[in-house]
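# Descriptive analysis of the structure
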Amino acid sequence: MCSCEGPRRGWGRCAPSPVLLLSLLLAAAPLGLRGEETRQVSLEVIPDPTGPPENLLHIRAVGSNSTLHYVWSSLGPPAVVLVATNTPHSALSVNWSRLLSPEPAGGLVVLPENSVRFSSALVFTRLFEFDSTNTSEEAAEPPGKPYPPYCLAEWSWNNVTDSLDPATLSATFRGHPIHDPTGAFANGSLAFRVQAFSRSGRPAQPPRLLHTADTCQLEVALVGAVPRGNRSLFRLEVATLGQGPDCPSMREQHSIDDEYAPAVFQLDQLLWGSLPSGFMQWRPVAFSQKQGGRESSLPCQVSPLYPTLAYLPQSPIVRAFFGSQNNFCAFNLTFGTSAGPGYWDQHYLSWSMLLGVGFPPMDALSPLVLGIMAVALGAPGLVLLAGGLFLLLGPKRYSEYQPIN
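Here is what the cut-offs are and how they apply
- The residue numbering used here restarts from 1 in each chain and proceeds along that chain's sequence as written.
- Per-residue local features of the predicted model are confined to residues with pLDDT of at least 70, and side-chain atom pairs are confined, for both listing and counting, to 80 or more; whole-chain, interface and lining totals are unaffected and use all residues.
- Side-chain measures were taken over the full set of non-hydrogen atoms in the model, leaving aside hydrogen atoms and water.
- Whenever a carboxyl oxygen of Asp or Glu lies within 4 Å of a side-chain nitrogen of Lys or Arg, that contact is scored as a salt bridge.
- Helix and strand assignments come from DSSP, with helices taken as H or I runs of at least 4 residues and strands as E runs of at least 2, each series counted from the N terminus.
- Here's how the labels work: a residue is buried when its accessible area is under 20% of the maximum for its type, exposed when over 50%, partly exposed in between, all with a 1.4 Å probe on protein chains only.
- What qualifies as a polar contact is a pair of N or O atoms within 3.5 Å, subject to a donor-acceptor requirement within protein and to the restriction that residues adjacent in sequence count only when both atoms come from side chains.
- Only heavy atoms enter the contact rule, under which two residues are in contact if any of them lie within 4.5 Å.
- Put simply, the grid is 1 Å and covers the protein atoms alone, a cavity is a trapped set of points that fit a 1.4 Å probe, a pocket is an open set with protein on both sides within 12 Å along at least five of seven lines, and lining residues have an atom within 4 Å of a point.
- Grid points are joined across faces, edges and corners, and a volume is the space filled by probe spheres set on the points.
- Three classes are used: nonpolar for Ala, Val, Leu, Ile, Met, Phe, Trp, Tyr, Cys and Pro, charged for Asp, Glu, Lys and Arg, and polar for all others, with Gly counted as polar.
- Criterion for a disulfide: a pair of cysteine sulfur atoms at a distance within 2.5 Å.
- The predictor attaches a confidence to each residue, called pLDDT, with possible values from 0 through 100.
- Only buried Ala, Val, Leu, Ile, Met, Phe, Trp, Tyr and Cys residues count toward a nonpolar core, and they belong to the same one when joined by side-chain atoms within 4.5 Å.
- Patch definition: residues above 30% relative accessible area lacking any salt bridge, with like charges linked at up to 9 Å and the nonpolar side chains Val, Leu, Ile, Met, Phe, Trp and Tyr linked at up to 5 Å.
- Areas reported here follow the Shrake-Rupley algorithm with a probe of radius 1.4 Å; residue values treat only the protein chains shown as occluding.
- A pair of Phe, Tyr and Trp rings is counted when the ring centres sit within 6.5 Å of each other, with Trp represented by its six-membered ring. The angle between the planes then sorts it: under 30 degrees is stacked, over 60 is edge-to-face, the rest tilted.
- Here, a charge over a ring is recorded when the distance from Lys NZ or Arg CZ to the ring centre is within 6 Å and its angle to the ring normal is within 35 degrees.

### What to know about the pattern of salt bridges
For the coordinates displayed, the defined rule picks out four salt bridges. Between R39 and D214 there is a salt bridge, with the nearest N and O atoms lying 2.9 Å from each other. Of this pair, R39 sits in the loop between α1 (21-28) and β1 (40-45) while D214 is found in the loop between β12 (189-196) and β13 (215-223), placing the two residues 175 residues apart along the sequence. The buried category is assigned to R39, whose relative accessible area is 7%. By relative accessible area, D214 is classed as buried at 6%.

And the structure:
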């Protein structure tokens, strides 16, 4: 069972900590996590041969000397287990009888086990809703009148096989509460769209996160649900495994370039370990319209990481791979402010993030910004150069003064 009681946390961000690029690259190299230009990617839904269809999606991305395994599931709360190995021949083994038992440890294994160089997990535990009608401060905590949260472990999810698309390397988990006394989700749903990539690029829709073959993208979309407040704000709780007794670190990157996500100059990152061997990356922006644009963008605020307590719902796939390990940390993502725009505009909300290994993709200045800088900085220099050449090489003027002998 999922208890909806838990600590409420204030807003704020962890203080950014600078890390040298060279140190990060050297840290990834010994783990066999150097980036791959391209990978052979496959998606498969692993069925339970003895029972009804179960939502267990395995994404396998094979490089020249490594393999990434993303195991997504809606058994319990939606969750993903990320495993990186140092061989292109590693494989996922699933013991369904153990996975579905009260003690699932050992039900999910990547073989050979000594090839695993990094592993962690994310669990999407609860969806909060607040009525911000009478809230005047953007940083208020909570950001409005709280309603009972939706525990995602107590939801019903579609058969992910129906949405599997090998052409786009994507699949969608779509769900609604099993118990919905208000009928809020009678015509609505919460969707987790997962997409893998065989090479680097950018999606067509904002926030157009730069992805590589070492990453997997998740888009979370709340669509058609009837809000319980006039101006409802939503918050998503995310739990993750630490690589030791401490929580992962949260960092921010800033840029002068907003061509790919207008008016957004920041990139947030969750990094596992003292130096990144795995990461979660997103822009602090969500959208209240499906087409996604500047006019429908909402701020996405992240809370500091905090150790979780006993209220955390258990994920069978996380317990199956990591056993009884319980050093979980959690953080909250809150979408929008009371000032709007907001979910109430079109009953739509979407947010995207990347999950991967190695060094997170870094945006370079776009050709448009480089061109503007070249014109802005180069024009004065060209004027000075042209003027100097004119003075040196232009026609000479001689004085008519005749010296007196």
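### Description of the side chain of T87
Relative to the elements of secondary structure, T87 occurs in the loop between β4 (79-85) and β5 (91-94). Residue classification places T87 among the buried positions, given a relative accessible area of 15%. Of the polar contacts made by the side chain of T87, one reaches the backbone nitrogen of H89; its length is 3.1 Å. Apart from the residues within four sequence positions on either side, T87 is in contact with N65, S66, T67 and S115.

### Side note on the layout of surface pockets
Looking at the largest pocket, its volume works out to about 580 Å³. Around the largest pocket, the lining comprises 27 residues; the ones closest to its centre are R193, Q205, E219, K290 and Y348. Mapped by element, the contributors of at least two residues to the lining of the largest pocket are β11 (170-177), β12, β13 and β22 (348-357). Residue composition of the lining of the largest pocket, grouped by class: twelve nonpolar, ten polar and five charged.

### Structural notes on the state of the cysteines
Counted according to the given criterion, the structure contains one disulfide. One disulfide bridge connects C247 with C329, the sulfur atoms lying 1.9 Å from each other. Between C247 and C329, the disulfide has an S-S torsion of -90° and is therefore left-handed. Taken together, the residues C247 in the loop between β14 (232-241) and β15 (249-254) and C329 in strand β21 (residues 328-335) connect sequence positions 82 residues apart. A residue is classified by how much of its surface remains accessible, and C247, at 28% relative accessible area, is partly exposed. Exposure remark for C329: the relative accessible area of 3% places this residue in the buried category.

### A short note on the environment of I59
Here I59 lies in strand β2 (residues 56-62). Residues I59 and S170, spaced 111 residues apart in sequence, show a C-alpha to C-alpha distance of 9.4 Å. Ignoring sequence-local partners within four residues, the contact set of I59 consists of V41, S42, L43, L68, H69, Y70, W72, V194, A196 and C216.

### Re the confidence of the model for the protein
Scored by pLDDT, the protein has a mean of 85; 82% of the residues are at 70 or more. Note that pLDDT drops below 50 for residues 7-32; the model gives that stretch 53 contacts with residues more than four away or on any other chain.

### Topic: empty space enclosed by the protein
Evaluated as defined, the whole model comprises six cavities of 30 Å³ or more. If you go around the largest cavity, the residues you meet are L127, L190, V220, A221, L222, L236, F335, L349 and W351. Breaking the lining of the largest cavity down by element, the ones donating at least two residues are β13 and β22. Its residues assigned to classes, the lining of the largest cavity shows nine nonpolar, no polar and no charged.

### Observations concerning unusual backbone geometry
At the junction of L111 and P112, the peptide bond is cis and its omega measures out at -10° in the coordinates. Secondary-structure assignment places P112 in the loop between β6 (108-111) and β7 (116-131). For L169, which is not glycine, the phi torsion reads 55° and is therefore positive. Along the chain, L169 turns up in the loop between β10 (155-157) and β11. Residue L169 is classed as buried on the basis of its relative accessible area of 14%. Positive phi outside glycine occurs at H347, with the angle close to 50°. Residue classification places H347 among the partly exposed residues on the basis of a relative accessible area of 27%.

### Considerations on the nonpolar core
General note: in soluble globular proteins, nonpolar side chains tend to be found buried as a group. Among the nonpolar cores identified, the biggest contains 58 residues, and I59, W72, F124, W282, F331 and W351 are the most heavily contacted of them. Ranked by size, the runner-up nonpolar core spans 24 residues in total, among them L56, W96, A121 and A330.

### Re a nonpolar patch on the surface
On the surface, L382, L385, L389, L392 and L393 cluster together into a nonpolar patch covering about 570 Å² of accessible area. Mapped onto the elements, L385 comes out in helix α4 (residues 367-393).

### Considering the environment of S101
Among the secondary structure elements, S101 is positioned in the loop between α2 (96-99) and β6. Take S101: its relative accessible area is 25%, and that puts it in the partly exposed class. Each C-alpha atom of the pair S101 and A320 lies 9.7 Å from the other, and the pair is 219 residues apart in sequence. Among the polar contacts made by the side chain of S101, one reaches the main-chain carbonyl oxygen of R98 at a distance of 2.7 Å.

### Regarding the environment of G323
By the element assignment, G323 lies in the loop between α3 (316-322) and β21. Taking C-alpha positions, G323 is 9.7 Å from L108, a pair spaced 215 residues apart along the chain. Other than its neighbours up to four places away in sequence, G323 contacts A105 and V318.

### Digging into the packing of aromatic side chains
What the rule picks out here adds up to 13 aromatic pairs. With a centroid separation of 5.2 Å and 55° between ring planes, the pair formed by F124 and F192 is classed as tilted. One end of the pair, F124, is in strand β7; the other, F192, is in strand β12, with 68 residues separating them in the sequence. For F192, a relative accessible area of 2% translates into the label buried. When the centroid spacing of 5.8 Å and the interplanar angle of 25° are considered together, the rings of W155 and W157 count as stacked. Its guanidinium or amino end placed over the ring of Y260, R202 lies 3.6 Å from that ring's centre, counting from NZ or CZ.

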